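# Per-entry structural report
What follows is the residue order along each chain.
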Amino acid sequence: MRRVVVTGLGVVSPIGNNVKSAWQAAVSGKSGIRRITKFDAGSYPVNIAGEVSDFDLGSLFSPKESRNMDTFIHFGLAAGAEAFKDSGFEICEKTQFRVGAMIGSGIGGLPLIEKTYETLSEKGPKRISPFFVPGSIINMISGHLSIKYGLKGPNLATVTACTSGLHAIGLAYRLIQTGDADAMLAGGSESTVSPLGIGGFAAARALSTRECEPEVASRPFDKLRDGFVLGEGAGVLFLESYESAVKRNARVYAEIIGFGMSGDAFHMTAPDSEGATRCMEAALTDAKINSSDIGYINAHGTSTQVGDKNETVAISQTFMTSISDLLISSTKSMTGHLLGGAGGLESVFTVLSVFNDVVPPTINLEFPDEECNLDYCANDARDKKINFALKNNFGFGGTNGSLIFKKIGVNL
C-alpha cells in the first residue's frame, strides 16, 4: 500500500475565503455567524447562519458561466482551485490520466432547485433553464475541476450527509493507496442557507434559535447549547502519493495514515456513541497506532444536546487510558455546520493544526456541561506539539467517518 500525503489546501468559509485568512480567524477564535442576508428570513423561526461573504468567482469563470452553476459548485471550484494551485502539481500528458477529483456534498444545489421551481410555477416549463440539471447535481464540482485542469483520472462524488466531505477525502486516500490514482483533489462543499434549507432544519428543531446573539449561538459542548447553526462553504485537499511528492520536492502539510467508517443502524437523525466509537477504532487500526498517540481531535461537535454528549462518550471510550493528554475542539463554534462541506473544511483545519502545532479553540464554551467533561480547548487556541490528529464527522442515516493525519518526519 502506498503512502499518501497532503500537498495542497483550499478553503471558502464564513471566516475567510482562502486558507490563510480562514486559519488566522480560526486560531483567533473569530465567529462567522451573522443574521441571514441571502433572503428575507424575518418570518422564519431562525434567521442566523454562517454565510460566506465577499466571495468572487470571477478569476475562474465568466459571469455567464457562473450563472449556470449553483452556489455550492462555486464554493467547491474556488476551494479546489486554491488547493490545486497550492500543491504546485503540473498536469501533462504523462500525469493527466493518474489525477482525479472527488468532491462531495450532502444536499447539492438546493437554492437553484428553489429558484427553478419558482420559474416553473410562474412562467411554465418552457422557461426552465437547460443548465438546471448540470447546475445543481452534486458530482459537477468534480466534473468542472476535471475539465478545467485536464484531470482524466477518477471523477467521483460522495453524498453521505454531514460526512460527505470526510468520506470523499478518505476514499480518495484509498484510491491513491491502492494505485487507482496518483493524486486527487478531495473534499466537500455546501450552500443551503436558503428558504428550504433554513426552513427544513428549523422544522426539525435542529437549529439554534439564539437570534439576539448570533456570534455566540454555535456553542459545542456548552451546557446552554440549543442546536447547530447552518453554515456554508467548502474545503478541499490535494492528495498525492508520497513518492510523487518527494520526486517533485513538494511542500507536504501532513500524511494521511488512517481512515475509518461505520454505520450506526440506530436512528435516521440521532447519532449513536457506539457507532462513533467503532469508527474511531477502525481509523486507529488502519493507522496502526495506539489511541495514546493522538494529540488532537477536531470533533464533529455540532452544538446539539444529543450529538455533543454522544461524541464525548465515544471519545471517552476510545481514548480511555490517554484522555487526560488529549485536546479536542470544534471549529463549528466559529463556522457553523457546513453539512456536506464540514469534513472538507475541518480536515483543512486539522491538517494545519498538525503542520503548525496549534489547536484552534472551541469558542463560546462558557458553561461546561457536566456530561461533556473533556478538554475542548475552550475559547483560546493553544500551542501543542501534535504528531497525530484525528478528525470526526457523523451524518444523518447513521453514517460515520474518521481520518488520522500524521506529522511528516514522525516515525511509526
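Look above for the structure.
Before going into details, it helps to say that this report is about the structure given with it. (Residues numbered from 1 in each chain as written. Predicted model: local features only at pLDDT ≥ 70, side-chain atom pairs only at ≥ 80, totals over all residues. Heavy atoms only, no water.)

### Topic: helix α5 (residues 140-149)
Along α5, the residues that are buried comprise Ile141, Ser142, Gly143, Leu145, Ser146 and Tyr149. Tucked inside the fold, the buried residues of α5 contact α3 (71-87), β4 (99-104), β5 (155-156) and β6 (183-190). (Buried < 20%, exposed > 50% of the residue type's maximum accessible area, 1.4 Å probe, protein only. Helix = DSSP H or I, 4+ residues; strand = E, 2+ residues; numbered from the N terminus. Contact = heavy atoms within 4.5 Å.)

### A look at the sheet that holds strand β10 (residues 327-329)
The sheet built from 10 strands is open, its strands ordered β5-β4-β6-β7-β1-β8-β14-β13-β9-β10 with mixed pairing. Looking along the sheet, the strands with just one partner apiece sit at the ends: β5 and β10. Bridge count for β6 against strand β7 (residues 233-241) is eight bridges, and the pairing is antiparallel. Counterpart to Gly187 in the pairing with β7 is Val236. (Pairing = 2+ DSSP bridges.)

### What about the nonpolar core?
It is characteristic of soluble globular proteins that their nonpolar side chains tend to be buried jointly. Among the nonpolar cores identified, the biggest contains 46 residues, and Val6, Leu9, Leu237, Leu239, Ile256, Val351 and Phe405 are the most heavily contacted of them. If sequence neighbours within four positions are ignored, Val6 has contacts with Leu237, Phe238, Leu239, Arg251, Val252, Tyr253, Ala254, Ile256, Val351 and Phe405. Listed in part, the 29 residues of the second largest apolar core include Phe84, Ile141, Leu151 and Val236. (Core = buried A, V, L, I, M, F, W, Y, C linked by side-chain atoms within 4.5 Å.)

### Looking at the pattern of salt bridges
Under the defined criterion, the tally for this structure stands at 21 salt bridges. Its salt-bridge partner being Lys38, residue Glu232 comes within 2.8 Å of it at the nearest N-O pair. Here Glu232, found in the loop between α7 (195-203) and β7, pairs with Lys38, found in the loop between β2 (34-35) and β3 (48-49); they are 194 residues apart in sequence, far enough to count as distant. With relative accessibility at 0%, the residue Glu232 sits in the buried group. Relative accessible area serves as the criterion here: at 38%, Lys38 is assigned to the partly exposed category. Between Arg174 and Asp286 there is a salt bridge; the shortest N-O distance is 3.2 Å. In this pair, Arg174 sits in helix α6 (residues 164-177) while Asp286 sits in helix α9 (residues 273-287), placing the two residues 112 residues apart along the sequence. We classify Arg174 as partly exposed; its relative accessible area is 26%. A residue is classified by how much of its surface remains accessible, and Asp286, at 23% relative accessible area, is partly exposed. Linked through salt bridges whose partners overlap, the residues forming this network are Arg2, Arg98 and Asp182. (Salt bridge = Lys/Arg side-chain N within 4 Å of Asp/Glu carboxyl O.)

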